[in-house]
Amino acid sequence: METRVRLEPWGPDDFRLLVRCNSAEMTAHLGGPESEEKLADRQRRYEALGAREPAAGRMFRVVLGAEAVGSIGFWEREWHGEPVYETGWAVLPEFQGRGLAATALAELVAHVRAHGSRGALHAFPGTDHPASNAVCRRAGFTCLGRVDFEYPPGTPHPSNDWRLPLTA
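Presented here is an overview of the structure given in this document. Quantities reported herein were computed from a predicted structural model and do not represent experimental measurements. (Residues numbered from 1 in each chain as written. Predicted model: local features only at pLDDT ≥ 70, side-chain atom pairs only at ≥ 80, totals over all residues. Heavy atoms only, no water.)

Considerations on the sheet that holds strand E2 (residues 57-64)
Step number 1: Taken in spatial order, the 7 strands make up an open sheet running E1-E2-E3-E4-E5-E7-E6, and their pairing is mixed. If you trace the sheet from one side to the other, it starts and ends with strand E1 (6-9) and strand E6 (142-150), each paired once. The average angle at which neighbouring strand axes cross in this sheet is 35°, direction not considered.
Step number 2: Sheet topology note: the strand E4 (residues 82-91)/strand E5 (residues 120-123) ladder contains 2 bridges and is parallel. (Pairing = 2+ DSSP bridges. Helix = DSSP H or I, 4+ residues; strand = E, 2+ residues; numbered from the N terminus. Axes fitted to C-alpha atoms, helices over the stretch in contact; angles between N-to-C directions.)

Here it is, written out as structure tokens:
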């Protein structure tokens, strides 16, 4: 079973992938599907992030063979007074359970270490999302405990704060 994935920069043609990732099944742990208007805004933000300097963050499509199977990215944020990066990912249902998210996250970590300027990468999967928590564990992140993380903004969601140092 092939698990080698590539990360390719997010571009204008990736809106279809964004729509596929917006299903009720894919957004169950993220507050549910977004409106068409919010998706269009998300697409603009993803493209704009790619136009900034590499240390600002990036969104990527996750590609297996010739097929886009999901998305992953990192972006700047402040967390408890510290400038860090945050990461998030999605793998389409028909490709889940094959280790692709963990493989993509390992590729992303290598990219962030090569191009980033902040000391740590955080992920905030819901406490009710065992698969994403397992991805963090497998990628070497340390769970710092439960937090009420706002996602979507304004909606506190019980999450785990996973942290990976980016420097020795």
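So, the pairing of E4
Step number 1: Extensive coverage of E4 is indicated by the burial of 7 of its 10 residues.
Step number 2: Relative to E4, strand E3 (residues 67-79) runs antiparallel, the two being bridged by 10 bridges. Opposite Trp75, over in E4, you have Glu86 as the bridge partner.
Step number 3: Counting the residues in the hairpin turn of E3 and E4 gives 2 residues, including His80, whose phi is positive at 55°.
Step number 4: Read as a crossover between parallel neighbours, the route from E4 over helix H3 (residues 100-115) to E5 is right-handed. (Buried < 20%, exposed > 50% of the residue type's maximum accessible area, 1.4 Å probe, protein only. Right-handed = clockwise from strand over helix to strand, strands pointing away.)

Brief notes about unusual backbone geometry
Step number 1: Non-glycine residue His80 carries a positive phi angle of around 55°.
Step number 2: By secondary structure assignment, the location of His80 is in the loop between E3 and E4.

Observations concerning the packing of aromatic side chains
Aromatic rings considered in pairs are described by the distance between their centres and by the relative angle of their planes.
Step number 1: According to the stated counting rule, one finds 5 aromatic pairs in the structure shown.
Step number 2: Relative to Tyr46, the ring of Trp10 lies with its centre 5.2 Å away and its plane at 85°, an arrangement referred to as edge-to-face. Placement of the pair is Trp10 in the loop between E1 and helix H1 (15-20) and Tyr46 in helix H2 (residues 36-51), with a sequence separation of 36 residues.
Step number 3: The exposure class assigned to Trp10 is buried, which follows from its relative accessible area of 7%.
Step number 4: Residue Tyr46 is classed as buried on the basis of its relative accessible area of 13%.
Step number 5: Cluster of aromatic residues (ring-pair linked, three or more members): Trp79, Phe124 and Phe149.
Step number 6: Here the basic side chain of Arg118 rests over the ring of Tyr85, its NZ or CZ set 5.9 Å away from the ring centre. (Phe/Tyr/Trp six-rings, centres within 6.5 Å; stacked < 30°, edge-to-face > 60°. Lys NZ or Arg CZ within 6 Å of the ring centre and 35° of its normal.)

Describing the environment of Pro9
Step number 1: By secondary structure assignment, the location of Pro9 is in strand E1.
Step number 2: Judged by relative accessible area, Pro9 falls into the exposed class, the value being 53%.
Step number 3: Between the alpha carbons of Pro9 and Met59 there is a distance of 6.3 Å; along the sequence they are 50 residues apart.
Step number 4: Setting aside its immediate chain neighbours within four residues, Pro9 contacts Asp14, Met59, Phe60 and Arg61. (Contact = heavy atoms within 4.5 Å.)

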